[in-house]
Amino acid sequence: MTERKTRKTEKEGTVKRRGSVLWILLRKFLGKRAAVYFGCILLMVVCGSVFQIMVSVTIGGLCDMARQGTAEGLRELLAGNLPVIVFAMAGNLAGTIGYNDEAKRVGTKINNEVFAKALRLPMHFYDTHHSGEFMSKIIWDAGRTCDVFGSRLRRVIMPVLTVGVCVVPMFYLCPPVMAGLFTMSCISLWVHFRMIGPMKRAGKDATQANQKMTESISNMLQGMEVMKMFPVREEIVRRYGQANGQLKEAGRKQADYAAFLRGLNTAFDLLGSFCFLALGIWYIGAYHGEVGSLVSLYLLYGTFNWNFLQIGRYVPDLANCLINGERVLEFLELEEEPFVYGAGAENGIAAAENTGAEGNTGTCADFAKHGIPAAYLEVRDLTFGYGGAEEKVLEHYSAAFAKGSFVAVTGASGRGKSTLAKLILGFYPPETGDIYLEGQPMGVAGIAAFRDKIAYVPQEPYLYNVSIAENIRYGKPEAGREEIVAAAKAAHAHDFIMKQEHGYDTVAGERGAKLSGGERQRIAIARAVLRDAPILLMDEATSALDNESEQLVQDALRKLKGEKTVIMIAHRPSTIEAADVMVKV
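Residues numbered from 1 in each chain as written. Predicted model: local features only at pLDDT ≥ 70, side-chain atom pairs only at ≥ 80, totals over all residues. Heavy atoms only, no water.

(A) Molecular detail of the nonpolar core. In this structure, V114, V148, F149, L153, M170, F304 and F331 are the most contacted members of the largest nonpolar core, which totals 62 residues. Of all elements in the fold, only α1 (2-30), α2 (34-68), α3 (74-119), α5 (131-173), α6 (175-194), α9 (233-287) and α10 (291-332) reach the threshold of two or more residues within this core. Ranked by the residues each element gives to this core, the list is headed by α10, at 15 residues. Not counting residues within four places of it along the chain, the set of residues in contact with F149 comprises L25, L26, F29, L30, Y37, Y99, A103, V106 and I110. Judged by nonpolar contacts, the second largest core, of 35 residues, contains A491, A493, I497 and A533. (Core = buried A, V, L, I, M, F, W, Y, C linked by side-chain atoms within 4.5 Å. Buried < 20%, exposed > 50% of the residue type's maximum accessible area, 1.4 Å probe, protein only. Helix = DSSP H or I, 4+ residues; strand = E, 2+ residues; numbered from the N terminus. Contact = heavy atoms within 4.5 Å.)

(B) Structural detail: the environment of L77. Relative to the elements of secondary structure, L77 occurs in helix α3. By relative accessible area, L77 is classed as buried at 16%. With 20 residues separating them along the chain, L77 and V57 place their C-alpha atoms 9.4 Å apart.

(C) Quick peek at the side chain of R380. Its location among the elements puts R380 in strand β1 (residues 375-384). Separated by 3.1 Å, the side chains of R380 and E378 make a polar contact. (Polar contact = N/O pair within 3.5 Å; in protein donor to acceptor, adjacent residues only side chain to side chain.)

(D) Layout of the packing of α2 against α3. Where α2 contacts α3, the axes come no closer than 7 Å and their chain directions differ by 155°. Relative to α3, the element α2 is oriented roughly antiparallel. Handedness of the crossing formed by α2 with α3: left-handed. Split by residue class, the contact of α2 with α3 holds 23 nonpolar, nine polar and one charged. (Axes fitted to C-alpha atoms, helices over the stretch in contact; angles between N-to-C directions. Parallel < 35°, antiparallel > 145°, perpendicular 65-115°, else oblique. Left-handed = near helix turned anticlockwise from the far one by under 90°. Nonpolar A, V, L, I, M, F, W, Y, C, P; charged D, E, K, R; others polar.)

(E) Summary view of the pairing of strand β8 (residues 565-569). Most of β8 is tucked away: five of the five residues are buried. Residue alternation in β8 divides its side chains into two sets, T565, I567 and I569 and V566 and M568, and both sets are buried. The pairing of strand β3 (residues 406-410) with β8 spans four bridges and is classified as parallel. When the bridges of β8 are listed, F406 appears paired with V566. Where strand β7 (residues 535-539) and β8 come together, five bridges link them in parallel fashion. Residue pairing across strands places L537 opposite I567, the latter belonging to β8. (Pairing = 2+ DSSP bridges.)

Put into structure tokens, the structure is as follows:
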């Protein structure tokens, strides 16, 4: 008894939550346009129902005339009904066009908001979530949420309103017959609603299986070289097959439930016809009813019964889509990358006044006292571990970088050199300490202000599947061709670019697949040079270059001395020797 009550409470809670999800979706994505959206649906319902009613009444009148063998009143019947039918058709068309426009607008808004949200998430989100899960969220969940506004909600609202409109004239035409048909339709609807739970569970299983399949495909595409060289193909195929099997099973259940409902609809449709004939014969014999009224009733009953069954059919579909809508809302509510980390300006000011732990470089004023050039960029007392791990990558670390200097950041692998670069870029919040630019802490200036002054070349540069010129232009979107070429020459990329089939217009391929590792790095360096930021931060940016290319790039970097602060994370002795200052991590 208690278990049954618990299940009932959980079911009621689920229904209530789905209702709140729908309400939130309506407020968030429709807003003030809700009146237009629902107005178009209402126009479609009213005009469609009026059309069906007037056609049924007209045909019923014609049947009475045929039975009586006279055409008296035909002109009046057509003159009164045909204009209404034409206007109803025109109104239905206008409502359909308006509804489609609103549905497409809302769908575009949902996709844009989900995509924009994906760009505002903090870096740790991408580290802790699989790209397949991410793609499933953007494509599958967002697409199903668009279906709520594109069809599912309309397919629930329109039948409800249509049934309400049709039931009045049907009871007027023949109350006893209509009462019997209405009872049978209610039984059918009850059976349909009993299927909501199983179909919703199958829809949830299908969503999870689709996510796993997307993850498997993502693993395959990103790790193709590993798959070809190591015996992992069977494992990847097994995982994909397992997820595909789960999707097949969920799809089979959905198809079985849908087939059951279709069969049920056919059965109830046949029973409805038998019920109509039996009640109709009884009605004519007992009440001497008119055949025309029965014909009109039967025609309306087709519309009535079809819409009644649609309610039971599409309520489960709507519930399934609202599961995806709930996932989209949860995604949109995720914490975004903040303007500043921590408690904001107060933490930054407090950190600025702190002299830090032992080995701290001190404030900019401390440099001046000792005759050392003031630190342009400074990290002070930084402690950081990924995911709050007990073992810290950096612990009470401090360093300073003078303006216009060429600094090599060195240290053994795994000591936190790349992590230091990511902290300087504001990808992660330090657990203690802060980072200063021109004496102002990141906790005060904000992450965006720091990034605006830094051009970054990562260890594994990413190139987009667009032209080489476009990849370089991403450093400065408004740059012209001359600036792009100048940046490429500074990075010693111009010569190999001109040897490509279409020069600067050559498409780099996905992740720059058409170019070598060294060519990709030089394009990334050109992009950073084009950005023309006062700080150039390079994480092993010359590691894939041959000795000659590395020397050329280093010569170009030396020319920037005094103009830009160059910070290069390096292992190569040649790179370290080229620097003015060496900072060890």
